[in-house]
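# Per-entry structural report
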Amino acid sequence: MLPSFRKKKSINERMTATFGEDPLGINDLPFKTQPDYMRGKGGIWYWTGAMTAIAFFYQIVSGLILLLYYNPADAYASTETFLKTVPYGALILTTHLYGAYAMIVLIYIHLYRNYFTGAYKKPRQIQWVLGVILLALTVGVGYFGYSLTGDILSTDATDVGRGIAMLIPIIGKPLEEIGFGNGTSTGLFIRFLGWHIIFTALIGALFGLHFFLAENHNFKPAGYKTNYKAPAMVNDYNQHKPWYPYNFVYMIQLSFLTIGFIILIPSVLGLMSGVPALFSPFPQVSPTSPLAPYVPPYPPWFLLFLYKAIDFQIYGNVRFLLAISPLATSVLFGLIPLLYFIIVPFIDTSNELHPLARPKTTAFGILGIIYMIILSAWGALSPGIQIPYYDVALVLIPPFIIVMGGMLFLGRMYRNGTLKVTGDKLMVSTLVFIVILIAAVISLSYNFAGFLANSSALNFTGTLFSGGVTAFAAFGTAKSADYTVKMRTKEISNGNLKKPPIMSKKNATILGGILAFITLIIMGLSISVNPIYKGSLVFGIGLGISLLLASVVTRLYRMVAYDE
Ligand code: HEM
């Protein structure tokens, strides 16, 4: 029995003793160091781009497997065969679809996080513009991918896309041929597969450049670090840690988390009944099926806002303009917002970063989100129904007045310092938010009941509006209550206080061990399931849960090994 005074080696020391200092040569990787607060509580907001990239890599791997089985000459049949006969086929196809959905949701979160924090300002203007192009390419690759299954929904989506292309003066016809092929079914799917792969390659190349610039400028530090002024560059390195192992292990944690959800969500939905066609992970019926006329003509949900805008009769009854109305509205609600995002670094050139110091820009951002939600919900509730211009005005003008008016008012208060945050003011704002929340919940239940009884545009607007206010008030209550507690405990004042660990290292090690054991059990059970069709989704549930648990175990490992 060895004498007890020998000092126990830590995990790191034992790893180094076994594998040497830097077995993979990761230490030399040229990635920039990042501060602790970017890996601490709330730090995930600094890595929205990284999570988008992780979803993108998942898409490449699952997409290459799909490519091996896809036959453009008989798109629907080859998709169905892959889905129902190839081992793990259903899991790969449905998670590829939801991987695309995850990438699109994450890219919008990434865009708006960088927009509201002013990350498009000097020196990151080019990085931002590259980002906007990445957004357009990602939505494009999603559209072509969505249309590759050959089901009735992809036919509808293709017809609308073709229709808009043809409306473009002069270049419409050639554009339609370049985009949609020689008019035959095989020609269409070969062309769509081509664009799907070309856009993916372009995303890969532009992301490389985008990430190079992210590393070159280093990540924008938290706003209070530069007193909310641009150029926002790192000025103190005291909390910074080397990329390996700190960021490397954090990226593994984020990968388990992102891919865990990409696999778990469609696996659960795939085994549920009654999932609406818009979110079903499975292709719908084929266009030749007798059931096809009963499937509502939905585009992919991430283009619902644009498809609904196409239903807007913005020219009233002016006959000769009605024909181009779909093109005009897709430019108004699609192209113009995209162009706005591209030029915003060159029109909002002040050195102000705080969202309240840029009230108009912030208001346009909030309106972008509100309009996208309103139009998407409208599109989901009434696909293909023409909307007269006065109903459009009735729905879109009130939010504009409220948001722009509200932001200009808050901006003025921020500029003249009356918005200085104090404990009492936060307390009052929490109470105000609670009152708004109660009123909003009452109005929401009233409007929703009205809408269920009679789905008129007015009831719909009321439900949506009060739903939006409820969400805003709930967020406001939670945030201001959180700040009130922090202000009371004086943590907010300097932001450098090291937060006490959530649990002791001993408990973290025990919990990590238990969760790792559970993960192994779940994986053991899942592997034994028959991997054909829905069986692979049962495996998918096991794998998804295991990855999410692995993400928690990695978090606990960071706590034990790196005090993070
Ligand atoms: C395929 C899509 C995209 C990927 C994979 C991606 C990836 C990344 C990554 C990995 C970073 C480093 C920081 C982070 O992890 O968040 C980053 C930073 C950044 N991205 Fe993206 N991005 C994408 C799209 C966009 C879009 C659509 C925009 C805006 C229009 C954008 C604007 C920015 C900006 C401004 C930064 C610097 C943020 C900072 O320094 O804090 N990106 N991006």
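Residues numbered from 1 in each chain as written. Predicted model: local features only at pLDDT ≥ 70, side-chain atom pairs only at ≥ 80, totals over all residues. Heavy atoms only, no water.

### Quick notes on the overall build of the protein chain
Basically, it comes down to this: Numbered from the N terminus, helices here are DSSP runs of H or I no shorter than four residues, and strands are runs of E no shorter than two. Based on C-alpha atoms, the radius of gyration is set beside the globule rule, defined as 2.2 Å times the residue count to the power 0.38. The classification of residues rests on relative accessible area computed with a 1.4 Å probe and restricted to protein chains. Under 20% of the type maximum is buried, over 50% is exposed, and intermediate values are partly exposed. In this analysis, two residues are considered to be in contact whenever any of their non-hydrogen atoms come within 4.5 Å of each other. Residue-level accessible areas treat just the shown protein chains as cover; the underlying method is Shrake-Rupley with a 1.4 Å probe. We count Lys and Arg on the positive side and Asp and Glu on the negative side, and we leave His and both chain ends out. Where a charge lies is defined by one atom per residue type, namely NZ (Lys), CZ (Arg), CG (Asp) and CD (Glu).
Looking only at helices and strands, the protein chain features 18 helices and four strands. Taken against the 2.2 N^0.38 rule, which gives 24 Å for 564 residues, the C-alpha radius of gyration of the protein chain at 26 Å falls within 12% of a compact globule. Each of the 564 residues in the protein chain was classed as buried or not, and the buried ones make up 45%. For the protein chain, long-range pairs separated by at least 24 residues make up 77% of all intrachain contacts whose partners lie at least 6 apart in sequence. Accessible surface computed for the protein chain: about 29000 Å², of which carbon and sulfur atoms make up 73%. Of the charged side chains in the protein chain, 39 are positive and 23 negative, and the gap between their average positions amounts to 10 Å.

### Digging into the layout of surface pockets
For clarity, the cut-off: The method works on a 1 Å grid over the protein atoms by themselves. A cavity is a set of points holding a 1.4 Å probe that cannot get out, a pocket is an open set with protein on both sides within 12 Å along at least five of seven lines, and residues with an atom within 4 Å of a point line them. Grid points are joined across faces, edges and corners, and a volume is the space filled by probe spheres set on the points. Three classes are used: nonpolar for Ala, Val, Leu, Ile, Met, Phe, Trp, Tyr, Cys and Pro, charged for Asp, Glu, Lys and Arg, and polar for all others, with Gly counted as polar.
The space that makes up the second largest pocket amounts to roughly 1700 Å³. If you trace the second largest pocket, you find 48 residues lining it, with Leu-306, Ser-330, Gly-334, Leu-335 and Leu-338 closest to the centre. Top element by residues in the lining of the second largest pocket is helix 12 (residues 325-347). It accounts for 12 residues. Considering only residue class, the lining of the second largest pocket consists of 42 nonpolar, six polar and no charged.

### A short note on the coordination of the iron atom of the ligand
We apply this condition: Here a donor is any nitrogen, oxygen or sulfur atom (N, O, S) within 2.8 Å of the metal, with 3.2 Å used for Na, K and Ca; water is not among the atoms considered, so some sites may look incomplete. The rule is simple: four donors are tetrahedral if all their angles sit between 85 and 135 degrees, four are square planar and six octahedral if opposite donors span more than 155 degrees and the others lie between 65 and 115, and anything that fits none of that is irregular.
Listed as protein donors to the iron atom of the ligand are His-110 (NE2) and His-210 (NE2); their distances from the metal cover 2.0 to 2.1 Å. Relative to the metal, the six donor atoms surrounding the iron atom of the ligand lie at angles of 85 to 178 degrees, and the coordination shape comes out octahedral. A residue pair is termed long-range when its members are at least 10 positions apart, and His-110 in helix 4 (residues 89-116) and His-210 in helix 8 (residues 185-217) qualify at 100 residues. Assessed through its relative accessible area of 13%, His-210 is described here as buried.

### Some thoughts on the nonpolar core
Formally: Throughout, nonpolar core names a set of buried Ala, Val, Leu, Ile, Met, Phe, Trp, Tyr and Cys residues whose side chains join them through atoms within 4.5 Å.
By size, the foremost hydrophobic cluster in this structure holds 106 residues, and its most contacted members are Trp-47, Trp-128, Tyr-143, Phe-312, Leu-375 and Leu-396. It is helix 4 that provides the largest number of residues to this core, a total of 16 residues. Of all hydrophobic cores here, the second largest spans six residues; its members include Ala-508, Leu-515, Leu-556 and Met-559.

### Quick word on the site of the ligand
Short version of the rule: For this purpose, a residue is taken to be near a molecule or strand whenever a single non-hydrogen atom of the residue falls within 4 Å of it. Two N or O atoms count as a polar contact when they lie within 3.5 Å, although within protein this holds only if one can serve as hydrogen donor and the other as acceptor, and sequence-adjacent residues are included solely when both atoms are side-chain atoms.
The local shell around the ligand holds 27 residues, among which Ala-50, His-110, Gly-131, His-210 and Lys-220 are the closest. In this structure, a nitrogen atom belonging to the ligand sits 2.7 Å away from a side-chain N or O atom of His-110. The side chain of Arg-124 places a nitrogen or oxygen atom 3.3 Å from an oxygen atom of the ligand. Of all the secondary structure elements, the ones that give two or more residues to the shell around the ligand are helix 2 (48-69), helix 4, helix 5 (125-146) and helix 8. For the shell around the ligand, the class distribution of residues is 16 nonpolar, eight polar and three charged.

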